[in-house]
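Listed below are the residues making up each chain.
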Amino acid sequence: TNSWALVYIKGIFGTGESLESLLVNNPDATFNLGLLLQNPFVAFKLFINTIYQNGAYYLKSIMGGVLGYNSIYISDAFLFVIVLMVALSTCCMPSDEHTLAKKERFGFAAAFLLVFAAVIYVAVCWTPVTYTSLYGVQGKYLLPAFPLLLLACKNKVVTIKKDIFKHICFVM
């Protein structure tokens, strides 16, 4: 039978218990997809609080501004230079012979979004129901998929006329 599939699906969407009863009976319980679907306002508030409280930290950690677990911080000026160089790397030059088609860029963006969704899902399942923002997410979890996002952004809309890549390498 397919009872294992039903158990798996029930595990993803939760037990069906309400948020209020979880807060009273089991405050150590964690969020799950079913709980957030039952309480869309709570889900919205959870994601907005996460972006508001930790958004800068996530951006810094994905770009290398925070090395280790909150122990080594890199200068914001240096981090700005890194972000600028990464942004310039998505620009094309007139001499570029091959550019990615929309279909390919869409595929790269979809792959990045799948990894992003998996990271968020794991964070949701890790976060206790008493928290007001997602717990346990760091920007470094998106590093393996970050080049896919850069490839998805690369197009000929913004073109650099002058060869500045030697200068970018010098700055590094």
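Our subject is the structure listed above.
Overview of the structure. (Residues numbered from 1 in each chain as written. Predicted model: local features only at pLDDT ≥ 70, side-chain atom pairs only at ≥ 80, totals over all residues. Heavy atoms only, no water.)

1. With respect to the overall build of the protein
Piece 1. Scanning the protein for helices and strands turns up 8 helices and 2 strands.
Piece 2. Across the protein, helices and strands are ordered from the amino to the carboxyl terminus as α-α-α-α-β-β-α-α-α-α.
Piece 3. Among the 172 residues that make up the protein, the fraction classed as buried is 30%.
Piece 4. Within the protein, counting contacts between residues at least 6 apart in sequence, those at least 24 apart form 65% of the total.
Piece 5. Of the accessible surface of the protein, which amounts to about 11,800 Å², a share of 70% is contributed by carbon and sulfur atoms. (Helix = DSSP H or I, 4+ residues; strand = E, 2+ residues; numbered from the N terminus. Buried < 20%, exposed > 50% of the residue type's maximum accessible area, 1.4 Å probe, protein only. Contact = heavy atoms within 4.5 Å. Areas by Shrake-Rupley, 256 points an atom, 1.4 Å probe, with all protein chains shown as cover.)

2. With respect to helix H6 (residues 102-126)
Piece 1. Its 25 residues give H6 an end-to-end C-alpha distance of 36 Å, which sits within 8% of 36 Å, the value for a rise of 1.5 Å per residue.
Piece 2. For H6, every residue scored as buried is listed here: Arg105, Phe112, Val119, Ile120, Ala123 and Val124.
Piece 3. At its buried positions, H6 is contacted by helix H3 (33-38), helix H4 (40-62) and helix H7 (146-153). (Expected span 1.5 Å × (residues − 1).)

3. Some words on the packing of aromatic side chains
Piece 1. Applying the stated rule across the entire model yields 3 aromatic pairs.
Piece 2. Relative to Phe116, the ring of Phe112 has its centre 6.3 Å away and its plane inclined at 20°; by these criteria the two rings are stacked. Of this pair, Phe112 and Phe116 both sit in helix H6, 4 residues apart, which is roughly one turn of that helix. (Phe/Tyr/Trp six-rings, centres within 6.5 Å; stacked < 30°, edge-to-face > 60°.)

4. Section: the packing of H6 against H7
Piece 1. Put simply, H6 and H7 touch, their axes get as near as 8 Å, and they point 150° apart. Our classification of the angle between H6 and H7 gives roughly antiparallel. The interaxial crossing formed by H6 with H7 has left-handed handedness. Contacts between H6 and H7 involve Arg105, Phe108, Ala109, Ala111 and Phe112 from the first element and Phe146, Leu148, Leu149, Leu151 and Ala152 from the second.
Piece 2. Grouping the amino acids of the contact of H6 with H7 by side-chain chemistry returns 9 nonpolar, no polar and 1 charged. (Axes fitted to C-alpha atoms, helices over the stretch in contact; angles between N-to-C directions. Parallel < 35°, antiparallel > 145°, perpendicular 65-115°, else oblique. Left-handed = near helix turned anticlockwise from the far one by under 90°. Nonpolar A, V, L, I, M, F, W, Y, C, P; charged D, E, K, R; others polar.)

5. Examining the side chain of Thr50
Piece 1. Turning to its location among the elements, Thr50 is positioned in helix H4.
Piece 2. Residues in contact with Thr50, not counting those within four places in the same chain, are Gly55, Tyr58, Ser133 and Leu134.

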